[in-house]
Amino acid sequence: MPQDIRYVAIGDSFTEGVGDELPDGSVRGWADLVAQGWADSRGAAISYANLAIRGKLMQPIVEEQLERALALRPTHLSFNGGGNDMLRPRTPIARIADAFSHVLRRCDEEGVTMIVLSGANPSAQLPLAGLIQRRGDELSRAVTDRIRGRHDLVVALNWPDRELSEPSFWSADRLHMNARGHHRVAARVLEALGEQPPTEWWRLGEEDTAVALGRGRYFREHLGPWLRRRLTGTSSGDGREPKFADWLTVEPR
């Protein structure tokens, strides 16, 4: 009889699924895809929850989501954070890595298998590309150092994936992946879990060309609002609740 799988995801917009919008305006994203793909590959239902909220910095993710997730008694917990911190040059990379180590320690204490992800690299299409690339490389090295020798973890690193940095994997805001990007990340996670992802998930057809917005429109619709939130100390996640705060049963298709 297959093992009972209870998978909970915590994090920010990357894990919530921003960029992979469905027709009804809700977001899907790689974690939802992993849950479905996992059930399909096993041929058995799994339990799935997603507490991630867009715009969250590393410390609020840890303080607001971690213990709530562990209280659900999961078998697996996926964690990614630090992308929003990384865009703030004064935030020490070591502080982000320390928060990661805390999550790892709590998973060890609770007997939960941790799924470790790094986000994809958007730097090639963003302002201050060199700074973002350098900060992302530092964070990637710091996290890799913290998990060296930990063969009991599920590790799916996306930052080194050069193909995933291509514009065709990104949404119009150039900061979040589109459906194509989220499917590729989901395929990598499923492969790391020892499951079989659909082959086409690695490279879906190119349907999202909105990333080619002109400079003026891109500033008005995406970069400008992002800068205003930084200046006013607000977040795109203010007032939002997790999309799946409790267990959802995902049946195999």
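Going by the structure above, here's the rest.
First, a word on scope: everything that follows refers to the structure included in this document. What you see is a predicted model; the values in this text were computed from it and never measured. (Residues numbered from 1 in each chain as written. Predicted model: local features only at pLDDT ≥ 70, side-chain atom pairs only at ≥ 80, totals over all residues. Heavy atoms only, no water.)

1. What about the overall build of the protein chain?
Item 1. Across its full length, the protein chain carries eight helices and six strands.
Item 2. Starting at the N terminus and ending at the C terminus, the protein chain contains elements arranged as β-α-α-β-α-β-α-α-β-α-β-α-α-β.
Item 3. For the protein chain, buried positions account for 53% of its 253 residues.
Item 4. For the protein chain, the proportion of contacts with a sequence separation of at least 24, taken over those separated by at least 6, is 77%. (Helix = DSSP H or I, 4+ residues; strand = E, 2+ residues; numbered from the N terminus. Buried < 20%, exposed > 50% of the residue type's maximum accessible area, 1.4 Å probe, protein only. Contact = heavy atoms within 4.5 Å.)

2. What to know about the sheet that holds strand E1 (residues 6-10)
Item 1. Sheet architecture is open: six strands sit in the order E5-E4-E3-E1-E2-E6, paired in mixed fashion. Bordering the open sheet on either side are strand E5 (154-157) and strand E6 (244-250), each of which pairs with just one other strand. With direction set aside, neighbouring strand axes in the sheet form an average angle of 20°.
Item 2. Sheet topology places strand E4 (residues 113-118) next to E5; four bridges connect them, and they run parallel. Note that in E5 the partner of Leu 117 across the bridge is Ala 156.
Item 3. Taken strand by strand, helix H7 (residues 179-192) contacts E4 and E5, and its axis lies near 150° from that of E5. (Pairing = 2+ DSSP bridges. Axes fitted to C-alpha atoms, helices over the stretch in contact; angles between N-to-C directions.)

3. Let's talk about the packing of helix H2 (residues 30-42) against H7
Item 1. Between H2 and H7, the least distance of the axes is 8 Å, while the angle of their chain directions is 45°. In terms of orientation, H2 and H7 fall into the oblique class. Note on packing geometry: the crossing formed by H2 with H7 is right-handed. Each of Trp 30, Leu 33, Val 34, Gly 37 and Trp 38 in H2 lies in contact with H7, whose residues at this interface are His 182, His 183, Val 185, Ala 186, Val 189 and Leu 190.
Item 2. In the contact of H2 with H7, the residues fall into eight nonpolar, three polar and no charged. (Parallel < 35°, antiparallel > 145°, perpendicular 65-115°, else oblique. Left-handed = near helix turned anticlockwise from the far one by under 90°. Nonpolar A, V, L, I, M, F, W, Y, C, P; charged D, E, K, R; others polar.)

4. Focus: the packing of helix H5 (residues 93-110) against helix H6 (residues 129-146)
Item 1. Where H5 meets H6, the closest approach of the two axes is 9 Å, and the angle between their N-to-C directions is 35°. Between H5 and H6 lies a crossing whose hand is right-handed. Here Ile 93, Ala 94, Ile 96, Ala 97, Asp 98, Phe 100, Ser 101 and Leu 104 of H5 come into contact with H6, specifically with Arg 135, Glu 138, Leu 139, Ala 142, Val 143 and Arg 146.

5. As for H5
For an α-helix, the turn length of 3.6 residues means that residues three or four places apart are oriented alike.
Item 1. Here H5 spans 26 Å end to end across 18 residues, near enough to the 26 Å set by a 1.5 Å rise per residue.
Item 2. Against the buried residues of H5 lie helix H3 (58-70), strand E3 (76-79), helix H4 (83-86), E4 and H6.
Item 3. Just downstream of H5 lies Gly 111, where phi reads positive at about 70°. (Expected span 1.5 Å × (residues − 1).)

6. Some remarks on the pairing of E5
Item 1. Only one face of E5 is buried, namely the one carrying Val 154 and Ala 156, since none of Val 155 and Leu 157 on the opposite face is buried.
Item 2. Between the parallel pair E4 and E5, the chain is carried across by H6, and the sense of this crossover is right-handed. (Right-handed = clockwise from strand over helix to strand, strands pointing away.)

7. A few points about the packing of aromatic side chains
Item 1. Scanning the entire structure with this criterion turns up five aromatic pairs.
Item 2. Seen from their ring centres, Tyr 7 and Trp 38 are 5.8 Å apart, and the 55° between their planes marks the pair as tilted. Linking Tyr 7 in strand E1 with Trp 38 in helix H2, this pair joins segments that are 31 residues apart in sequence. With respect to class, Tyr 7 is no different from Trp 38; both count as buried. (Phe/Tyr/Trp six-rings, centres within 6.5 Å; stacked < 30°, edge-to-face > 60°.)

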